[in-house]
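# Architecture at a glance
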Amino acid sequence: MDNEQVFSLATNVAALSWLALAVAPSRTWRILRFAIPSLLAVAYIWYIVPGMRGGEGGFGSLADVMKLFAREEAVLAGWIHYLAFDLFVGTWEAEDALGRGVSGFLLVPCLALTFMFGPAGLLMYFLVRQTGKGPSDRPTV
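Here the structure is a predicted model, which means the values were calculated and not measured.

## A closer look at helix α4 (residues 72–100)
The first and last C-alpha atoms of α4 sit 42 Å apart over 29 residues, in line with the 42 Å expected at 1.5 Å per residue. Phi turns positive one or two residues past the end of α4, at Gly-101, with a value near 75 degrees.

## Some thoughts on the packing of aromatic side chains
Under the counting rule described, the total for this entry stands at 5 aromatic pairs. Arranged with centres 5.8 Å apart and planes meeting at 85 degrees, the rings of Trp-92 and Tyr-125 form a pair that is edge-to-face. Residue Trp-92 is located in helix α4, and its partner Tyr-125 is located in helix α6 (residues 119–129); the two are separated by 33 residues in the primary sequence. The two residues Trp-92 and Tyr-125 agree in class, both being buried.

Definitions and limits used
Residues numbered from 1 in each chain as written. Predicted model: local features only at pLDDT ≥ 70, side-chain atom pairs only at ≥ 80, totals over all residues. Heavy atoms only, no water. Helix = DSSP H or I, 4+ residues; strand = E, 2+ residues; numbered from the N terminus. Expected span 1.5 Å × (residues − 1). Phe/Tyr/Trp six-rings, centres within 6.5 Å; stacked < 30°, edge-to-face > 60°. Buried < 20%, exposed > 50% of the residue type's maximum accessible area, 1.4 Å probe, protein only.

Listed below in structure tokens is the structure:
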């Protein structure tokens with residue numbers, strides 16, 4: 001598969017996973033929490049190694065980071081990184097919401113925002129869960 005096909009496949013798998021999570025969080029989060037992010041992690045490793053090999057740059061400045069992502073494989077790996085981590089966070093949100101009794105009507109917008117804008121969705125969930133009524137005040141990880 002070429003890089004464009006891998007990009008499309010990874011994006012579609014993540015999008016379908018998010019849809020399943022939003023529709024049936026109690027049935028899907030266990031599978032999605034580990035299986036799909038693990039598959040995406042394998043793809044990430046596959047592309048990050050050649051993507052960074054021989055590249056210039058580093059982590060010392062924004063300009064250095066931009067140089068690291070000059071190769072297409074590195075950008076693809078970065079995209080897969082976002083897909084894997086955001087999905088993992090979304091499954092945590094769903095699990096935590098179920099344990100706290102947070103309404104699905106409140107959870108689904110958080111999941112959508114986490115899917116599209118990661119940290120903003122997580123922040124929204126942190127705010128929403130304060131208003132949700134649940135059997136427990138202990139955090140679930």
